[in-house]
Amino acid sequence: MVQDKELLKVVRLLDKACKEAGFFYVKGHGIPESLVKEVRDITHGFFALPYEDKVKIKMTSESGYRGYQRVGENVTKGKPDMHEAIDCYRPLEPGSFGDLGKPLEGPNLWPDHPSNFKETMEEYIGLVRDLSRKILRGIALALGGPVDALEGERAGDSFWVMRLIGYPVSTDIPEEELTDTGWCTASKFSGAHTDYGLLTLVNQDDDICALEVRNRSGEWIYAVPIPGTFVCNIGDMLKVWSNGLYEPTLHRVVNNSPTYRVSVVFFYEPNFDTAVEPLEFCKQKTGGIVKYEKVVYGEHLVRKVLTNFVV
C-alpha cells in the first residue's frame, strides 16, 4: 500500500479533513445514484402520509426504540428538535448482549407502503455499511496505524444506526434568535451536536442548504449538497480511539427553505460490546498521555437513547 501514490494522496486528504474540519465529502463511492435518490424519494413519500398512517410504526420502548417519532419527540441537549424521523438499528436478537442490550432488542419497523420500502432500505444499508468500512480503513492509515486497526473486535461487527429524518418548512430565522445549540422556537431543525458514534454518512436532498457545520473560527457554514456525494463526519468514539488527534465538529440543521427536506443519515458504529479506549499508536503520537477514559460503546449508546426521546 505504501507504494500506491493515489492511495497515499487520499489518506493525506482524509488526515487533513479529520484534523481541520471533522467533515468531508466522499465521491466515486460506487453506490448507484439511482438508489441514493430512491431512498430519499421513498422517505419523502412516507413523511407525506397522514399522521395516522405514520404512527402505525410508532417508536416505543417496547419496539426497542425503533420506529417513527413525530415532530418534537427527539431531544437534543434537553430541547425538542423540530423534525420527524424513523429510527433503525442493527436488528438485535433477545439476549444478544444480556441486560445491557435489552432496551434495543428487536427488529426494525418498516411501513407497509410503498411495498418496496423495507427491501430498498436494507439494500442501501448493506452498501453504505461496506462503504463506511472502506473509509475507516483509510482513516486507520491516516492515523498512522495498520489498515485494519478499526476492524475486528473494535468495529468489524458494527452496531450501525440509520435515521430517516424529515424537516418541515420554516420561515427565515433572524440570526440573533439562534443560540449556540441552534435552539429557536420558530425554527424547524436539529440542535447543535456532535455524533456519538464513529463515522456518519449523510444522504441529503440535492437542492436545499440546511446542514450547518461550525468551523474553527466559530462560524456556522453550510455543508452544501453536492450531487453524487455523501457528506461524512467523524464522531465521539473516533475522538477517543485517536486520543484527540481527530475531534468531531458541532453541526446542526436549520431548514429555512420553503421546501420540506429529508436527510437519510447512516451511523457506522463500534461493535456493541467494544471497550473504546485510545489506540496505542495514537497514544505514542500524543506524548504517551491517555486523554480519554475507556467507554463501553453499548453503555454509551443506551444511555443516549434512553434520554433522547419522548416516548
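Residues numbered from 1 in each chain as written. Predicted model: local features only at pLDDT ≥ 70, side-chain atom pairs only at ≥ 80, totals over all residues. Heavy atoms only, no water.

**Some remarks on the overall build of the protein**
From N to C terminus, the protein includes eight helices and 15 strands. In terms of overall dimensions, the protein has C-alpha extents of about 55 × 45 × 40 Å along its principal axes. Counting all 311 residues of the protein, 53% fall into the buried class. In the protein, 75% of the contacts between residues at least 6 apart in sequence involve partners at least 24 apart. On the protein, roughly 14200 Å² of surface is accessible, and the fraction owed to carbon and sulfur atoms is 53%. Separation of charge centres in the protein, based on 36 positive and 45 negative side chains, amounts to 4 Å. (Helix = DSSP H or I, 4+ residues; strand = E, 2+ residues; numbered from the N terminus. Buried < 20%, exposed > 50% of the residue type's maximum accessible area, 1.4 Å probe, protein only. Contact = heavy atoms within 4.5 Å. Areas by Shrake-Rupley, 256 points an atom, 1.4 Å probe, with all protein chains shown as cover. Lys, Arg positive; Asp, Glu negative; His and termini not counted. Charge placed at Lys NZ, Arg CZ, Asp CG, Glu CD.)

**Let's talk about the side chain of T120**
Tracing the backbone through its elements, the reader meets T120 in helix α5 (residues 117–142). A relative accessible area of 5% means that T120 is categorised as buried. Not counting the four nearest positions on each side in its chain, T120 is found in contact with L35, E38, V39 and I42.

**As for the packing of aromatic side chains**
Across all of its chains, the model carries ten aromatic pairs by this definition. Ring geometry for Y51 and Y68: centres 6.4 Å apart, planes at 55°, overall tilted. Taken together, the residues Y51 in helix α3 (residues 51–54) and Y68 in strand β2 (residues 67–69) connect sequence positions 17 residues apart. Note on Y51: relative accessible area 33%, which makes it partly exposed. Judged by its relative accessible area of 2%, Y68 is buried. Feature note: the residues F46, F47, Y51, Y68, W110, F117 and Y260 constitute an aromatic cluster, connected by ring pairs. Cation over ring: R70 sits above Y51, and NZ or CZ is 4.3 Å from the ring centre. The positively charged end of R252 is found above the aromatic ring belonging to W220, 4.1 Å away from the centroid. (Phe/Tyr/Trp six-rings, centres within 6.5 Å; stacked < 30°, edge-to-face > 60°. Lys NZ or Arg CZ within 6 Å of the ring centre and 35° of its normal.)

**Some words on the layout of surface pockets**
There is about 700 Å³ of room inside the largest pocket. What lines the largest pocket is a set of 36 residues, and nearest its centre among them are H193, T194, D195, Y196 and N308. Of all the elements in the fold, those that place two or more residues in the lining of the largest pocket are β3 (75–76), β5 (84–89), β6 (161–167), β7 (189–193), β8 (199–204), β12 (251–254), β13 (261–268) and α8 (297–308). Here the lining of the largest pocket is composed, by residue class, of 14 nonpolar, 13 polar and nine charged. One number sums up the size of the second largest pocket: a volume of about 610 Å³. Every residue lining the second largest pocket is counted, 22 residues in all, and those nearest its centre are V10, L14, V26, K27 and I135. Among the elements of the structure, α1 (5–20), β1 (23–26) and α5 are those that each provide at least two residues to the lining of the second largest pocket. Considering only residue class, the lining of the second largest pocket consists of 14 nonpolar, three polar and five charged. (1 Å grid on protein atoms, 1.4 Å probe; cavity = no way out; pocket = protein on both sides within 12 Å on 5 of 7 lines; lining within 4 Å. Points joined across faces, edges and corners; volume = space filled by probe spheres on them. Nonpolar A, V, L, I, M, F, W, Y, C, P; charged D, E, K, R; others polar.)

That's the geometry; what it means functionally is another story.
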